[in-house]
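Descriptive analysis of the structure
Each chain, written out:
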Amino acid sequence: MSLKIRLSRGGAKKRPFYRIVVADSRYPRDGRFIERLGTFDPLKAKDAADRLVLDGEKARAWIAKGAQPTDRVARLLEAVGVGKREARNNPTKAQPKKKAQERAAAAAAAAEKAAAAGEAAAE
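Residues numbered from 1 in each chain as written. Predicted model: local features only at pLDDT ≥ 70, side-chain atom pairs only at ≥ 80, totals over all residues. Heavy atoms only, no water.

This next bit is on the sheet that holds strand β4 (residues 52-54). Spatially, β4-β3-β2-β1-β5 is the arrangement adopted by the five strands of the open sheet, whose pairing is mixed. Edge strands, defined here as strands with exactly one partner in the open sheet, are β4 and β5 (68-69). Bridging between strand β3 (residues 35-40) and β4 involves three bridges; their strand directions are antiparallel. Looking across to β4, one finds that T39 is bridged to V53. Lying on the sheet, helix α1 (residues 56-64) is in contact with β1 (3-12), β2 (15-24), β3 and β4; it crosses β3 at an angle near 130°. Helix α2 (residues 71-80) rests against β1, β2, β3, β4 and β5 of the sheet, and its axis sits at about 95° to β1. (Pairing = 2+ DSSP bridges. Helix = DSSP H or I, 4+ residues; strand = E, 2+ residues; numbered from the N terminus. Contact = heavy atoms within 4.5 Å. Axes fitted to C-alpha atoms, helices over the stretch in contact; angles between N-to-C directions.)

Here you go:
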């Protein structure tokens, strides 16, 4: 049984409200869960005291039992001071793929060839 600490969505359309729950990863997002740890209201101001309500001791206990927080919940737990989230960095993600790099190299070579031909004609 793979346990996750994740967000369960509630609220109306375009008015999200989330519960932070511990659930088996096979359960539906808004369905069955094992325990509720707190709530998160993203529509409130970032400095509002009741934007994030979380029982840190319960969260620590579930993490000790092997529950894995999702990325968003890991950020929320870090804000409360429960855990430390490792920074993610993938600088190659924004790089062009192989075919685009080949096209850029071909265009650069053509431009260089045209510049060389223009200099030769000018002399």
